[in-house]
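Per-entry structural report
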Amino acid sequence: MLDHRAPQIVFADLQDSIVALSRTNSPETIRRSAGVLGMVAQALDIPFTVSAAPRPGGPGVIAELPETLPFVRSGPSCWDDEAWREAIAAEARKTLTICGVTSEIVVLHTALDALADGYDVIVLVDASGGMSERTENAALRQIEAAGGTVTSVASFVTSMVRDFTTPTGRDVITALHDLMV
């Protein structure tokens, strides 16, 4: 069981123009999964950041994410953005839960950099998307080989919330039902 006070969530490159390019999960699945994750983060008071790749016209993050200002970085890893790293360190939570598009770029490099810096890493595959099944699977294997965990939004959430009869538990199970739509 994971204590809900341990993780912080990283929404990486969940931008309209990038999510639309996913070839491994449909944009609708990514949006729905990220939206549920955002609802759960707010219900459980889990801190989160949104990191975005520079795009013409601005970040353009998907509407399903909780409201926050995105960190716009210059390279393939969130870890390369000093302001973002400082925000992560300020939370003093050593488990990063990462989702984003693409799995082979931002998810992979952020996960490997975080693992190298002593963080535990959980990657959520249903809120992520890749360029192809083959290349995404290679990236996920690389993350696991480095010590990261690969799972789903539902498995992640239910590892923290085990009683659905409490007010918070009811909010969480209601949010999880949205994954099945």
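Here, every reference points to the structure presented above.
Residues numbered from 1 in each chain as written. Predicted model: local features only at pLDDT ≥ 70, side-chain atom pairs only at ≥ 80, totals over all residues. Heavy atoms only, no water.

When its secondary structure is counted, the protein shows 7 helices and 6 strands. The order of helices and strands in the protein, counted from the N terminus, is β-α-α-β-β-α-β-α-β-α-β-α-α. Taking 181 residues into account, the globule formula puts the C-alpha radius of gyration at 16 Å, and the protein, at 15 Å, falls close to it. When its C-alpha atoms are laid out on the principal axes, the protein stretches across 45 × 35 × 30 Å. Among the 181 residues that make up the protein, the fraction classed as buried is 48%. Residue pairs at least 24 apart in sequence account for 76% of intrachain contacts in the protein once pairs closer than 6 positions are excluded. Summed over its atoms, the accessible surface of the protein is roughly 8,300 Å², and 53% of this surface lies on carbon and sulfur atoms. Positive and negative side-chain charges of the protein, numbering 13 and 23 respectively, have mean locations separated by a distance of 4 Å. (Helix = DSSP H or I, 4+ residues; strand = E, 2+ residues; numbered from the N terminus. Rg over C-alpha atoms; globule rule 2.2 N^0.38 Å. Buried < 20%, exposed > 50% of the residue type's maximum accessible area, 1.4 Å probe, protein only. Contact = heavy atoms within 4.5 Å. Areas by Shrake-Rupley, 256 points an atom, 1.4 Å probe, with all protein chains shown as cover. Lys, Arg positive; Asp, Glu negative; His and termini not counted. Charge placed at Lys NZ, Arg CZ, Asp CG, Glu CD.)

Further remarks concern the sheet that holds strand S4 (residues 95-100). Strand order across the open sheet formed by 6 strands is S3-S2-S1-S4-S5-S6, with parallel pairing between neighbours. Lying at the two open borders of the sheet, with one neighbouring strand each, are strand S3 (71-72) and strand S6 (149-151). Sheet topology places strand S1 (residues 7-12) next to S4; 6 bridges connect them, and they run parallel. Among the inter-strand pairings, Pro 7 is bridged to a residue of S4, identified as Thr 95. Along the sheet, helix H4 (residues 103-116) makes contact with S1, S4 and strand S5 (120-124), crossing S4 at roughly 170°. (Pairing = 2+ DSSP bridges. Axes fitted to C-alpha atoms, helices over the stretch in contact; angles between N-to-C directions.)

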